[in-house]
Structures are given as C-alpha cells and as structure tokens.
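A structural walkthrough
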Amino acid sequence: MLARPGLPSFEYVQAANAAEVHSLMQQSGARLMMGGTDLFPQMREGVCEPETIVDVKHVPGMRDLSYDERLGLNIGAAVTMNQLVRHRDVQAHYPILAQAAHSVASYQLRNRATIGGNVCNASPCADTSPAVMVLEGVMVLQAKGAERNAPAADFVTGPGQTAIEPGEFLAAIRLPAPPAGAVGRYLKLGRSRLGDLSIVGVAVLGYPDPAAASGYRFRIALGSVAPIPLRAPAAEEILAANTPSEETFAAAAEEAMGVATPITDVRAGATYQKMMVRALTIRALRDVWAELAPGKGA
Amino acid sequence: MHTITVTINGAAEYLAVRSNMTLLQMLREELGLTGTKNGCEAGECGACTVLLDGEPVNACMVLAVESDGHQVITVEGLAEGDELAPLQESFIELNAVQCGFCTPGMLTSAHALLQRHPKPTEDEIEEAVLGNLCRCTGYVRIVDAIRDAAGSSASASGKGGAR
Amino acid sequence: MTHATAAASQRIGGTIGRSVRRIDAHDKVTGAATYADDLLAARGPGLYYGRLVRSPHAHALIRSIDASKALAVRGVKAVVTGEDTPTRIGLYLKDRHIFALDRARLVGDPVAGVIATSEEIAEEAARLVEVEYEELPAVFDPAEAIRPDAPLIHPELGEYEVVNFIFPKPGTNISEHFKLRRGDVEAAWPQCEIIVEGTFRLPPIQHVPIEPHVAISLWEQSGQVTLWTCSQSPFAQRDLIAQSMGIPHGNLRVISPYVGGGFGGKAGVSMEACAVAMARAVKGHPVKLRMTREEEFICTNARQSLEAHTKIGCDSQGNLLAMETRYIFGGGASNEYGVNIARAAGYSCTGPYLIPNVKGDSYCVYTNTPVGSAMRGFGMPEIHWGIEQIIDQLAEKIGMDSAEFRRRNCVKTGETILTGMEMPAINLEACIDKVTEAIQWDRREPPSAPHKRRGKGIAIMWKAPAMPPNAGSSAVVRLNEDGTVNVEIGAQELGQGAFTVLAQVAAEALGVPYEWVRISAPVDTRYSPYEWQTVASRITWSVGNAVMAAAGDARHKILAVVAEHWDEDPADLDIKDGLVMSFKSEREQPLEGLVVYGLPNENFEGWKGGPIIGTGNFMPTYVTNLDFETGQGTRAVVHYTVGAQAVDLEVDTETGQLEILKIASAYDVGKALNPDLIMTQIEGGAVHGLSSAFEALKFDEKGRPLNNNLVDYRIATVADIPREIHGDIVETPLEDGPWGARGVGEHVMVQTAPAIANAIYDALGIRFSDLPLSAEKIFLALQ
Ligand SMILES: Cc1cc2nc3c(=O)[nH]c(=O)nc-3n(C[C@H](O)[C@H](O)[C@H](O)COP(=O)(O)OP(=O)(O)OC[C@H]3O[C@@H](n4cnc5c(N)ncnc54)[C@H](O)[C@@H]3O)c2cc1C
Ligand code: FES
Ligand code: FES
C-alpha cells in the first residue's frame with residue numbers, strides 16, 4: 001500500500017553491448033533500465049520486483065542522436081529528454097518532439113528520463129508518444145542477431161504493454177524526414193501550469209499536400225485520454241477534405257473528442273478530459289495553421 | 001557490491017556500494033555529505049539535486065554505482081573554501097532562504113543554470129527550478145536571487161508555456 | 001576599545017526595525033545547517049532503524065498480532081506493539097495510543113514497530129508482521145460523523161483525560177462542542193433587510209514541509225532518554241511523552257536541530273513517540289525512524305476538514321446585525337490537538353466583524369481520516385473560506401461595494417467583540433485601504449484575451465494565538481568575555497526567522513550590535529529554557545518578551561556593577577553598541593572583559609561583578625475562562641492580528657485555468673522588528689494560501705489514500721506563483737508586545753483562498769463554496 005523507503009535489493013549489471021543485453025535478459029527476473037525514472041518508483045511501490053537490473057544505456061548507439069535530410073532522425077533509445085530539447089536538428093526539423101520532451105517533469109529529471117523509457121513504459125500519459133505517432137516514427141527492436149521495425153502507431157498495446165517480444169529490446173526510434181513544410185504543435189494540459197503529468201496531450205502536425213482536397217493534411221494524436229495513445233483518423237479526414245477554417249477546426253476537434261475514452265481518476269474526470277481534447281485540438285490546429293499559412297486566417 | 005571511483009567536489013572517493021544504493025544514500029550515509037537532502041526519494045521535490053558531470057540530476061533517482069567514473073558536485077562544493085559563491089551570497093542577501101531544506105537543491109539547480117545561461121531569461125530561471133519545490137518562500141526571492149547572481153535584470157519575457 | 005570603534009557605525013537606527021541578515025542563512029546556503037535526518041546519518045554498527053506496520057483499514061478491531069516471522073529475520077532486534085504502550089497520549093485530550101492498542105482508526109495507523117540493523121531489513125520484516133483485523137464501518141465526512149447513528153470511533157471517549165476548557169460528548173463522535181451566544185439572533189432576523197445563508201466545505205489538506213518527519217531516540221540503561229527530532233514543540237513533546245510513558249521529565253531530553261518547514265505539522269506529538277517506544281525495546285541503541293513522503297501525507301498530522309453552515313444578515317444601511325453559524329470540523333482519527341481548533345474557530349466564529357447578535361456552534365468530530373491538527377492559521381483559513389464569501393454575497397445583495405462593506409463592519413479598536421472581550425488596538429481599515437489601493441480596486445481592467453475573464457476579490461481576516469491561557473516562554477542571556485552574547489531559548493527556527501528576530505531583540509534590549517548575538521541552538525530541553533511550543537504566531541511576541549526581559553536583566557546587572565564602580569546612579573548610565581556610558585560623567589566602559597571578569601577596585605583592592613547572566617520569562621496572566629453555555633468572558637485571547645488581501649486574476653474560459661496576476665496583502669504587525677522578514681512571510685504566505693486552494697487529500701471509498709505523493713498532491717511550483725505579490729505593513733503597537741510587535745506567521749495565508757474565490761465570482765459570476773478549486777471544476781461550472 002505504501003511505497004518503501006529506498007529501493008528493494010537487486011543486482012545491477014551494465015551491458016556493454018547488444019549481445020550482453022540479450023544474454024542478461026535471459027536471466028529470470030531481469031529488467032532493462034535506462035534512466036530508471038519510471039522503474040524506480042514502480043519498484044518502491046512494489047509494482048515490479050526485478051532481481052537483476054540491466055542498464056542498457058551504455059550499449060553503443062543507444063545515446064546517439066543523428067539527423068539526415070533523407071533518412072530523417074535516428075534517436076538512440078537512451079537519448080534523454082534534455083538531449084532532444086537541446087539538439088539543433090530536433091529543434092529545426094522536429095520541434096514538436098522538442099516541445100513534447102520539454103513538457104516532461106522537471107529539468108533535472110529530463111537529464112535522466114529517456115525517450116525510449118518513456119515509450120516502453122507505455123503509460124497512457126507518456127508525453128513523447130503522441131509526438132512520435134504524428135511523426136510516424138518507427139521503433140527499432142533488436143532481437144538476438146535480428147532487427148525489426150515496429151510502427152509507432154501500434155507499438156503501445158495497452159497500459160504498460162508494448163509490441164516488444166520476449167528477447168527484444170528497443171534500440172532506437174527512427175523518425176522519417178517530416179513532410180515538406182510541416183508544422184507541429186504539442187499541447188499538454190496538466191493540473192498545474194507546468195511540470196505535471198498530462199491529463200490531456202494533443203499532438204498536431206500539419207503540412208501542405210496538393211493531393212488533399214483542402215490542400216493540407218493534418219495528423220492528430222492524443223495522449224492520456226485512452227488506455228493507449230491514439231490517432232484521430234476521422235478528424236484528420238475532415239481536415240484533408242475541408243478548407244481550413246474555424247468551422248473545420250471545430251468539426252475536426254469534435255471528432256478528436258469522439259475517439260477519446262478517458263476514465264475518471266484522481267487526476268481528472270472523464271468529461272473534462274474529453275472536452276479538453278476538443279479545446280486543445282482547436283488550439284493546436286489554430287497554432288499550426290497560423291504558422292502553415294501565415295496571414296490566411298481561419 | 002560494486003567498487004567505484006567517483007570524484008566528489010573535486011576529491012576522488014573509492015567506495016564499495018550495494019546495487020540498490022542511490023546516489024543520495026551514498027552521499028548522505030556513506031560520505032556524510034548531508035547538505036543534499038531527502039524530501040521524497042521519488043524524483044518529485046528536487047531537494048536532492050546534485051550535479052553529475054555538471055548537469056543537475058535527482059540524486060534519489062540515480063544509482064550510486066552509476067556515478068562510477070563521474071564527477072559529482074553537491075552544495076558543499078559550491079563555495080571556494082571560505083569564499084561563498086555569488087549565488088550563495090545572493091540567496092543570503094535577498095532572504096531567499098527560510099527553513100533552508102530546499103536550499104541546497106535550489107542552489108545546485110541554479111548553479112547549473114548559470115553555467116548554461118550566464119544571463120538567464122525569466123523562462124529559463126523558471127525552467128531551472130521548476131523541479132525544486134519550496135513550501136516556505138513562495139519562490140519570489142529565489143528567482144530574485146538567481147537573477148541577482150546573474151548580475152542581470154533578466155529579460156522580461158513573461159510567462160510562456162502551454163496554455 | 002576595538003569593539004567600541006567598530007560598533008560606532010552601527011549606532012544609527014539601532015537593530016529594531018532594521019532588515020538585518022538572517023542569522024541562519026550562512027549555514028543554510030552551505031549545506032552546513034543540521035536537520036534531524038543529518039544526525040547519525042552515517043550507518044554505524046550501533047545504530048538501529050525502525051519501520052512501522054500500518055493498518056490497511058480505516059476502521060478495524062485488532063484481533064491479534066503475530067510478529068514471529070519478522071523476529072526471525074536476521075538483523076531484526078525487536079518488535080513493539082500497542083501492548084507495550086498501553087497508556088494514552090495527547091495535548092488537550094488524551095485520546096491517542098502511541099501504537100494502536102485494540103483498534104485501528106485510519107488507514108496508516110501504526111500498529112507495530114520493527115527495529116532492525118538497517119532500514120531495509122526493518123521494512124522487509126515489517127511486511128512479515130501478521131495482523132488479524134476485524135473491519136468495522138468507517139466514517140469520513142464530518143457531517144456524517146456527527147450524526148447519532150454514525151459508527152463510533154472512540155467508544156471510550158468518556159474515560160479520556162481532558163483539559164478544563166474542552167467539552168467532549170461521550171457516546172458520540174463529538175470531541176469538542178464550543179458554544180457562542182451573544183445578543184438574540186432570533187429577535188434580530190426580522191430586522192435584517194438582507195439575509196444570506198450558505199454551506200461551505202474544505203477537504204483535509206497536508207502541510208507538506210519539504211523535510212519529512214524524522215525521529216531518533218536512545219533509551220539508556222540508566223533510564224536517561226534522548227529524542228532527536230524535527231520539532232516545533234520539544235518541550236510539549238517532552239511533557240506528553242514523559243507523562244504517557246512514565247519517564248521523569250528530567251530524564252527525557254528532546255533535541256531539535258533546524259526544522260525543514262513546520263507549518264504546524266511538527267507541533268504536538270505524532271510519530272516521535274513511536275521512536276521513543278521503540279528505543280525502549282533496544283536499550284543502549286539509538287533507533288532512527290523516518291517517514292517516507294508517502295507516509296508523510298497520511299500518517300502525520302493533517303489540516304482538518306470542515307463543513308460550515310452560516311446564516312448572516314444586515315440592515316438596509318449595510319450594518320451587520322446577526323450571524324448564526326455551525327462549524328463541523330472533521331478532526332480525523334484522533335482529536336487530541338484538533339479539539340482546540342474547533343474551540344478557536346468557535347470564539348472567533350464571526351471572523352473580523354462586529355456583529356451584535358451571534359449564535360455559534362463549533363464542533364470537532366472524529367473521522368477515520370488522518371489525524372487533524374495544527375496547521376498555519378489553526379482553524380482560521382477554514383472558517384474564513386465561508387465567512388469571506390458570504391460577506392461578499394451580502395454586500396452584493398445590499399448593493400454596496402464589498403471593500404466598503406468590510407470597512408464599515410470590520411472590528412475596530414476598543415469594541416466589544418463576540419466573546420465580550422474588548423478589542424486590543426489594531427487597524428484593519430488601514431489594511432483594507434492598503435490592499436484596495438495596491439490592487440486598484442476601483443479600476444476594472446480588461447482581460448488579456450477574448451476567451452479570458454478578469455476579476456478582483458478582497459478578503460480580510462483575524463486570528464488570535466490559540467493556546468492554553470498560560471502558555472509560557474523563557475530566555476537566558478549569557479555574556480561572553482569579548483562582549484558577544486549567547487541567547488538561550490526554547491523556541492524553534494522553522495524558517496520563519498525566529499532566531500534572527502530574537503537576536504535583534506536581545507541586541508537592542510542589551511545595547512550591543514546585532515552581529516554580537518548568537519542563538520544557542522539546537523534547542524535541547526536539557527539546557528534550553530522552557531518554551532511551550534513554536535506555534536500560534538506567538539514567538540516574536542511571547543519569546544520576544546522573555547528575551548527582552550532576560551536582556552534587560554543582564555543589562556541591569558551590568559549597569560549596577562559599573563554604576564558602583566563609577567559611584568554614579570545606574571539611571572544615568574546606558575549601554576550602546578557594546579559600550580557602557582554615562583550621560584552625566586560621559587565616562588565609557590566597553591563590555592568586553594567586564595561582563596565576565598568584573599571590574600577591579602581602585603589599586604586592585606578587590607573586584608566587583610562577575611559573569612553576567614540575564615534571565616527572563618513571559619506568560620500572559622490575563623486570559624480568562626469562557627462560559628460553557630455562552631462563550632462569554634472578559635478576555636478570551638491575548639490579542640488578534642488582522643490583515644487584508646486582494647487578488648487580481650484571469651480565468652481561461654476554454655480550459656478553466658486560473659492565472660493569478662497579483663496578490664496584495666497588508667497586515668497590522670504592531671511593529672515590524674525586521675520588515676524584510678515580514679515581507680518574506682507575506683510572499684510565502686500568499687503562495688501557500690494560493691496553493692492550499694487547490695489542495696486536497698483524496699481517498700477511495702475505503703479510506704485509502706489516492707494522492708499521497710507530490711505528483712498527485714500538487715503544491716505550488718515556481719510556475720504557479722502570481723505575477724506580482726505586493727505587501728504592506730501597518731503598525732498599530734500591541735500593548736504588551738516587544739516594541740509593540742505581534743505575530744504574523746500564520747495570518748499571511750488565512751484569507752487567500754476566499755479572496756481568490758471572490759475574484760473568480762467577480763470574473764465569472766460563479767461561486768465556489770467547496771474547496772479544492774481546480775481548472776476542471778471551474779470549466780465544468782462554466783458549461
Ligand atoms: C516525478 C516524475 C515526473 C514525471 N513526469 C513525467 C511527465 O511529465 N511526462 C512523462 O511522459 N513522463 C513523466 N515521468 C515518467 C518518466 O520520467 C518518463 O516516462 C521517462 O521518459 C522514462 O524514461 P527512463 O529512461 O527513466 O525509463 P526507465 O525507468 O529506465 O524504463 C522505463 C521502462 O522501460 C523499460 N525499458 C528500459 N529500457 C528499455 C529498452 N531499451 N527496451 C525495452 N524496454 C526498456 C524498463 O524496464 C521500464 O519498464 C515522470 C516521472 C517522475 C518520477
Ligand atoms: S528526494 Fe530526490 S527528488 Fe525528492
Ligand atoms: S525554504 Fe523551506 S522549503 Fe524552501
């Protein structure tokens with residue numbers, strides 16, 4: 001019922017490379033760790049009791065962050081939130097990811113919290129998940145001698161559940177080059193102005209697309225309002241089909257609200273969360289639109 | 001048990017630590033560096049903030065063994081001998097200290113901020129100490145003291161953030 | 001002579017009224033300041049640790065406890081249970097067991113304590129203690145708990161020892177009922193032009209000092225017992241623990257280093273007694289017991305919940321005529337301290353208003369929630385939440401500006417207030433004037449965006465130190481060879497600046513520079529002079545008086561020696577900046593040397609004087625009892641501190657989020673001994689008050705905590721503070737305060753929440769009668 005003081009006993013091992021990760025993972029009661037910011041509180045609460053903690057952040061490549069115009073962004077799973085926030089290419093090409101990473105907890109925690117840990121922990125309120133989803137990221141899962149790509153769209157399968165198979169670990173997240181002219185916005189609503197877990201997170205990415213009836217496409221993903229982070233396809237369709245305007249945004253936001261299935265808990269009630277999905281979606285759309293088509297109005 | 005070497009406030013320490021010992025426990029219980037405080041052991045309050053290779057971290061959320069081969073600076077390491085750091089002087093001068101329990105963490109967070117941004121904006125100050133809870137001061141003097149130590153009247157950018 | 005020259009520059013202005021540097025700040029910015037957990041921090045072979053086994057049930061009978069598995073764990077030294085501490089403990093009403101004896105009354109009630117060689121082993125073993133419970137129906141809400149058919153939480157209430165001014169009702173959950181009867185409300189209602197009635201509720205909240213509770217205790221074979229702990233009440237703890245455990249007071253030594261925030265949460269006794277009981281089981285070994293943050297939220301004292309029902313009326317000119325109010329405090333599982341909160345709320349039930357006809361009933365009732373106890377404001381934030389809103393409603397109905405309505409009706413010097421006491425000198429109108437000016441009360445300003453609404457609100461307050469009528473203070477002033485001074489007090493530095501201000505008082509009263517004064521800390525009941533408790537905003541006033549007396553005593557002794565030496569009249573001498581001087585002969589004599597070695601007679605034929613020690617004490621002697629049926633008496637309390645706050649805010653109608661643009665505060669402190677320290681109280685209090693409006697301890701239907709951590713119980717961060725905090729100081733001297741000073745530590749947050757609620761009403765036209773506020777609540781109310 002009450003968290004224990006300090007951490008329960010376990011054995012700590014640092015994996016030097018992927019092979020070591022794989023062999024250490026075989027041990028019963030082994031658990032991977034990067035920043036530990038999700039794992040340690042869970043251990044104090046007795047939610048999980050690993051016998052061995054395998055620190056994987058020193059595996060080569062895990063903390064690399066590199067950008068290529070064609071290939072996009074390669075984010076080692078152990079890249080910290082602050083690394084993302086500070087990185088020039090992330091700021092230039094994936095500002096929505098920088099915004100999401102920046103919204104996590106506090107400055108000092110962001111020095112430890114990793115993006116990989118954030119998505120693997122698979123909490124509905126993980127702030128980077130909606131951003132990674134609208135950027136159509138791909139999870140690079142490393143099995144013994146094999147690598148597999150899992151689309152972010154269906155990576156999280158339930159609260160605390162992911163598509164990671166036994167024997168695999170998350171090595172990196174790859175984000176394709178964003179569509180030309182893309183503008184993104186991550187809006188997070190907490191109980192206080194900053195630093196809270198999100199009770200609603202809305203990621204919107206918009207970009208010009210001549211093939212769309214409206215001339216634009218928008219991708220929308222929602223956090224904290226369902227067991228898993230969600231895209232809002234019906235809302236996206238409305239925006240592709242109709243000229244951007246206040247009415248279109250309102251209609252799209254209504255659809256976004258429709259996909260949200262929040263539950264009432266100590267942080268917020270379901271009704272409020274749903275209505276905030278609508279409010280934040282409209283705000284994010286307005287913001288994105290103002291940047292996409294300056295002066296066009298809505 | 002792991003044997004580790006860690007440089008703390010400039011001096012090398014050789015220690016044997018259990019796997020489940022946190023950096024906070026190591027500092028306080030093994031090294032007697034009690035300036036770093038325990039307010040929650042959960043990454044929530046910031047009282048345990050120390051600098052790991054110059055960057056602030058919650059010492060309660062770092063394993064002692066992870067500090068092997070690294071540099072740690074605690075509140076005890078901010079002054080140069082008897083000479084207080086400008087930040088410490090400003091905290092005294094502007095009455096940014098009340099009960100003092102948040103103070104070590106505030107100072108280490110602020111110290112790192114001034115290393116990153118010698119002339120921080122209001123938003124940067126806010127970002128730097130957002131994770132340091134203080135129940136006494138209402139933060140007003142803490143922000144003033146950081147601004148004062150930076151020797152700047154930080155640009156009045158107001159409060160941004162997602163709204 | 002060196003001192004005298006150095007000191008000459010300090011003479012201008014003296015020490016009182018000057019914002020000198022905090023005496024504790026250097027220690028605190030270097031990490032050198034010692035707090036309870038810093039004592040015996042290094043793990044050593046003789047040091048043991050404790051962990052507590054806690055009830056998972058809100059209300060249950062304890063059928064049996066089997067500790068055999070725990071005792072079998074390597075490193076476990078002992079397990080103690082309620083049978084080891086069968087006597088009760090408590091401040092005003094002895095209703096508490098150190099370890100639950102036969103009944104657990106809240107989720108988290110300690111039922112056993114495990115002592116082991118490490119905290120980790122103690123924790124593991126605590127999980128192995130098997131307790132058999134028989135669950136009982138529980139009650140959480142005060143309005144339900146007061147009903148005659150509610151589950152009885154303390155069936156033995158009638159047997160409990162209680163002080164003579166508290167009135168429990170055996171056979172019910174009522175631990176205190178205070179009655180206030182003045183004038184005739186029934187006759188007054190028909191004369192009222194407007195009557196407003198409302199119910200206001202507040203949830204229990206926590207103090208959340210950043211330092212959690214820590215206690216270390218050592219019980220020696222000889223029977224000497226030491227308790228090191230972060231305490232607002234070393235002497236009260238000594239008294240209560242000594243009584244309950246049969247320790248001679250002289251054998252129990254309580255040592256309290258710096259306190260990392262108290263706010264009332266470290267007043268009285270809570271987990272400290274467990275540490276002492278555990279130490280008795282392992283004599284010769286210190287036992288360290290610390291609360292985790294998660295325990296801190298539910299297993300230490302909390303602020304009580306309240307349901308207030310108030311009816312109030314005024315005549316057509318806006319003069320208050322009558323008030324009828326019923327306060328039901330949810331006191332939690334034990335009300336040993338909380339009973340006096342209900343009493344304080346009762347004798348101050350009108351708030352700072354003069355109302356000729358009053359009927360007030362204030363109850364404290366048991367609930368199966370965390371133990372309610374002192375928290376900054378001691379009942380006043382709770383009752384002002386409703387009072388200050390209903391006053392606004394009345395003003396609106398009668399068509400009067402609410403600040404004007406308050407000016408007209410607020411209590412003034414010399415008036416006979418609700419208890420029949422004459423109001424000591426204060427100037428609440430000046431406080432109202434200051435805040436209305438600072439907030440530009442008459443100006444309506446536009447919101448910053450079309451989807452926002454802007455509003456302003458005002459609230460005023462009063463609060464008296466709530467304590468036994470004869471709570472005393474004492475001080476010793478010792479002079480050292482070089483003229484520096486050590487001041488011994490039993491009062492605590494909690495962050496409020498007590499040590500600094502008391503050093504100022506000693507310096508001024510003695511005639512030495514502030515920089516010469518040291519406070520003898522930590523407070524140690526073996527060496528420090530007696531102090532009731534560091535609570536009730538009474539330290540500057542009460543201990544200030546004691547220090548002033550002690551310094552005066554020392555000064556008197558010094559002057560006597562020098563006067564004799566110079567063959568002058570002591571009345572012609574003074575001490576200034578560490579120098580004794582004669583107005584008459586203009587002779588001078590530095591304190592250095594003299595204050596320890598005395599002065600040699602001419603030709604060294606003998607000596608005069610000797611080491612100088614001054615002693616002093618202070619105890620109010622004039623507080624009278626109040627009539628049980630009417631709450632009337634000549635002097636209910638020592639005095640009141642009053643103040644006003646005004647708030648300017650904006651509401652985002654799309655999300656319900658609030659932004660506080662400005663809080664303006666003004667308090668009548670009598671005399672600002674250190675003006676900047678008062679400003680830091682005003683700033684910290686405004687943010688504490690703002691934060692408290694959004695705080696609530698939440699529980700599930702079984703009384704289990706839902707937010708006992710700092711992620712889900714949010715306190716204000718740097719990002720939540722108002723854009724501007726303005727403070728003004730009003731100075732109407734208090735008759736028996738040092739230089740006229742009275743306390744202000746608690747008052748600074750008392751009326752912040754209702755000031756915000758009034759501003760929200762101004763912005764939106766919506767009243768929130770229940771705390772906590774939240775963006776969600778505001779948004780939903782707007783729909
Ligand atoms: C006070 C506090 C505030 C917080 N606030 C926020 C917030 O505002 N927003 C937010 O989104 N989160 C928040 N968090 C949660 C947490 O900080 C983030 O989710 C963080 O990104 C987790 O990263 P990590 O590296 O610390 O993860 P870890 O704790 O190291 O790991 C998380 C999970 O992933 C598993 N894992 C680790 N590495 C791998 C791998 N390579 N492959 C597969 N599985 C792996 C672990 O076993 C564990 O289950 C907060 C946490 C705390 C303590
Ligand atoms: S003790 Fe580490 S954040 Fe609170
Ligand atoms: S000064 Fe007390 S918590 Fe900050």
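This structure is a prediction, so every number in the text was calculated from the model and none was measured. (Residues numbered from 1 in each chain as written. Chains lettered and ligands numbered in written order. Predicted model: local features only at pLDDT ≥ 70, side-chain atom pairs only at ≥ 80, totals over all residues. Heavy atoms only, no water.)

Residues and elements named next belong to chain B. Reading across the sheet, the five strands line up as E2-E1-E5-E3-E4 and stay open at both edges, with mixed pairing between neighbours. Edge strands, defined here as strands with exactly one partner in the open sheet, are strand E2 (11-17) and strand E4 (55-58). Taking each pair of neighbouring strands and ignoring which way they run, the sheet shows an average axis angle of 40 degrees. Where strand E3 (residues 49-52) meets E4, four bridges bridge the pair, whose relative direction is antiparallel. In the strand pairing of E4, Thr 49 is matched with Asn 58. Contacting strand E1 (2-8), E2, E3 and strand E5 (71-73), helix H1 (residues 23-30) runs over the sheet at an angle of about 80 degrees to E1. (Pairing = 2+ DSSP bridges. Helix = DSSP H or I, 4+ residues; strand = E, 2+ residues; numbered from the N terminus. Axes fitted to C-alpha atoms, helices over the stretch in contact; angles between N-to-C directions. Contact = heavy atoms within 4.5 Å.)

Let us now look at the site of ligand 1. Residue and element names in this part refer to chain A. Within the structure, ligand 1 sits among 37 residues, and Leu 32, Thr 37, Asp 38, Thr 114 and Asp 127 are positioned closest to it. Taking Met 34, its main chain carries an N or O atom lying 2.7 Å from an oxygen atom of ligand 1. The side chain of Asp 127 places a nitrogen or oxygen atom 2.7 Å from a nitrogen atom of ligand 1. Against a free-state accessible area of 980 Å², the protein chains account for coverage of 93% of ligand 1. With four residues, helix H7 (residues 115-121) is the single largest residue contributor to the shell around ligand 1. For the shell around ligand 1, the class distribution of residues is 21 nonpolar, nine polar and seven charged. (Near = heavy atom within 4 Å. Polar contact = N/O pair within 3.5 Å; in protein donor to acceptor, adjacent residues only side chain to side chain. Areas by Shrake-Rupley, 256 points an atom, 1.4 Å probe, with all protein chains shown as cover. Nonpolar A, V, L, I, M, F, W, Y, C, P; charged D, E, K, R; others polar.)

The subject of this paragraph is the pairing of strand E20 (residues 485-489) of chain C. Where a strand is regular, its side chains alternate between the two sheet faces. Residues and elements named next belong to chain C. Across the five residues that make up E20, a large majority, five, are buried. Here E20 shows a buried face lined by Val 485, Val 487 and Ile 489 and a second buried face lined by Asn 486 and Glu 488. The pairing of strand E19 (residues 473-479) with E20 spans five bridges and is antiparallel. Of the residues in E20, the one forming a bridge with Val 477 is Val 487. Between E19 and E20, which follow one another and run antiparallel, lie five residues, and Gly 483 among them has a positive phi close to 90 degrees. Summarising the sheet, E20 and strand E21 (residues 517-520) pair through four bridges and their orientation is parallel. In the sheet register, Asn 486 faces E21, and the bridge partner there is Arg 518. (Buried < 20%, exposed > 50% of the residue type's maximum accessible area, 1.4 Å probe, protein only.)

Counting residues at the interface gives 47 residues for chain B and 56 residues for chain C. Taken together, both faces of the contact between chain B and chain C bury some 4500 Å²; the carbon and sulfur share is 53%. Our enumeration of links across chain B and chain C arrives at ten salt bridges. Note that Arg 141 of chain B and Glu 683 of chain C form a salt bridge whose closest N and O atoms lie 2.9 Å from each other. At the boundary of chain B with chain C, the tally comes to 25 residue pairs in polar contact (both at pLDDT 80 or more). Of all elements in the fold, only H1, helix H2 (86-93), helix H3 (103-116), helix H4 (122-129) and helix H5 (140-149) of chain B reach the threshold of two or more residues within the side of chain B that touches chain C. With five residues, H2 of chain B is the single largest residue contributor to the side of chain B that touches chain C. Tallied by class, the residues present in the side of chain B that touches chain C amount to 20 nonpolar, twelve polar and 15 charged. (Buried area = accessible area lost by both parts, 1.4 Å probe. Salt bridge = Lys/Arg side-chain N within 4 Å of Asp/Glu carboxyl O.)

The next point concerns empty space enclosed by the protein. All names here are of chain C. Applying the stated criterion across every chain, the model contains eight cavities of 30 Å³ or more. Estimates place the volume of the largest cavity at around 640 Å³. Lining the largest cavity are 41 residues; nearest its centre among them are Gln 496, Ser 537, Gln 681, Gly 745 and Glu 746. Of all the elements in the fold, those that place two or more residues in the lining of the largest cavity are helix H14 (498-510), helix H15 (539-566) and helix H17 (675-692). If one sorts the elements of the lining of the largest cavity by residue count, H17 sits on top with three residues. (1 Å grid on protein atoms, 1.4 Å probe; cavity = no way out; pocket = protein on both sides within 12 Å on 5 of 7 lines; lining within 4 Å. Points joined across faces, edges and corners; volume = space filled by probe spheres on them.)

Time to look at the interface of chain B and chain A. Taken together, the 33 residues of chain B in the interface contact 34 residues of chain A. Taken together, the links from chain B to chain A amount to four salt bridges. In this structure, Lys 57 of chain A engages Glu 66 of chain B in a salt bridge whose closest nitrogen and oxygen atoms are separated by 2.5 Å. For the pair chain B and chain A, the interface holds 21 residue pairs in polar contact (both at pLDDT 80 or more). Going through the elements one at a time, E4, H3 and H4 of chain B are the ones with two or more residues in the side of chain B that touches chain A. The element contributing the most residues to the side of chain B that touches chain A is E4 of chain B, with four residues. A breakdown of the residues in the side of chain B that touches chain A according to their chemical character gives eleven nonpolar, 14 polar and eight charged.

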